[in-house]
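# Survey of secondary and tertiary structure
The chain contents come next:
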Amino acid sequence: MDTVIREKIAARLQSVADIPVGVSNRHVHLSQADVEALFGAGYSLTPFKPLRQPGQFAAQECVTVVGPKGSLTQVRVLGPTRPVTQLEISRADCFTLGVQAPVRESGALENAGSALLMGPAGHVELQSQVICAWRHIHMSPQDARRYAVSNGQKVKVSGEGLRRVIFDEVIVRIRDDFALEFHIDTEEANAAGLKNGTLVALQR
Ligand SMILES: [Zn+2]
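In the annotation of an unreviewed UniProt entry, the entry for the protein reads Phosphate propanoyltransferase, and the organism field reads Yokenella regensburgei. Per UniProt, the protein carries the Pathway (unreviewed entry) text "Polyol metabolism; 1,2-propanediol degradation."

### With respect to the pattern of salt bridges
This structure, assessed with the given rule, holds 5 salt bridges. For E169, the salt bridge is made with K154, and the minimal N-O distance between the two is 3.2 Å. Note that E169 is positioned in strand 12 (residues 166–174) and K154 in strand 11 (residues 154–158), a separation of 15 residues in sequence. With a relative accessible area of 37%, E169 lands in the partly exposed category. A salt bridge links R175 to D177; the shortest N-O distance between them is 2.8 Å. Judged by its relative accessible area of 41%, R175 falls in the partly exposed class. Looking at D177, the relative accessible area reads 36%, which means it is partly exposed.

### Thoughts on the packing of aromatic side chains
Enumeration over the complete set of coordinates arrives at 2 aromatic pairs. With a centroid separation of 5.3 Å and 25° between ring planes, the pair formed by F39 and Y43 is classed as stacked. According to the relative accessible area criterion, F39 is buried, its value standing at 13%. Among the residues examined, Y43 registers a relative accessible area of 28% and is labelled partly exposed. Arranged with centres 5.4 Å apart and planes meeting at 70°, the rings of F167 and F182 form a pair that is edge-to-face. Within this pair, whereas F167 is found in strand 12, its partner F182 is found in strand 13 (residues 181–185), the two being separated by 15 residues in sequence. Owing to a relative accessible area of 0%, F182 belongs among the buried residues under this scheme.

What counts, and where the lines are drawn
- Residues numbered from 1 in each chain as written.
- Predicted model: local features only at pLDDT ≥ 70, side-chain atom pairs only at ≥ 80, totals over all residues.
- Heavy atoms only, no water.
- UniProt positions renumbered as here; feature names shortened; annotations may be inferred.
- Salt bridge = Lys/Arg side-chain N within 4 Å of Asp/Glu carboxyl O.
- Helix = DSSP H or I, 4+ residues; strand = E, 2+ residues; numbered from the N terminus.
- Buried < 20%, exposed > 50% of the residue type's maximum accessible area, 1.4 Å probe, protein only.
- Phe/Tyr/Trp six-rings, centres within 6.5 Å; stacked < 30°, edge-to-face > 60°.

Printed below as a string of structure tokens:
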């Protein structure tokens with residue numbers, strides 16, 4: 001397709017609210033070694049509810065997170081397991097725990113926060129493994145062509161309603177197995193009056 005035409009189509013699409021919001025409550029991704037440290041030798045996670053991203057699920061398992069100032073119980077484990085354990089919390093959770101967690105993309109753990117995870121069979125010390133997730137949009141390469149955006153690009157996203165907020169600095173993440181979804185945490189969602197499944201528009 002002609003580049004000019006593609007840009008025009010993309011520009012028109014970018015004013016249409018067609019991206020579903022996915023609100024992420026605090027959660028933890030665990031390595032298999034940490035699953036076993038927390039839940040017992042040979043233990044594997046039990047899928048509880050599929051997430052919108054293909055293959056991802058909320059597990060039945062929950063852990064307690066302990067920081068220097070306080071703790072959070074019933075923190076959901078998401079599966080499948082990953083090479084490195086990563087805890088994702090909100091800014092308010094940071095205050096509750098007394099933990100300093102930077103706003104980061106998933107996996108960018110340099111100088112991240114630290115905390116303790118407690119499970120029924122033991123505990124795990126997280127060192128530089130706690131972040132507040134950087135708001136992002138998951139999309140397939142096909143979606144990326146429609147919106148004329150590239151992996152890692154920062155875009156704006158807008159919702160509607162009385163608490164309408166325009167989110168700046170939203171990172172686009174493109175992968176073959178990604179479903180179209182705008183990921184924000186509970187505080188960002190509440191501040192903007194957004195819920196799971198609300199449709200938002202991509203802007204540039
Ligand atoms: Zn995400």
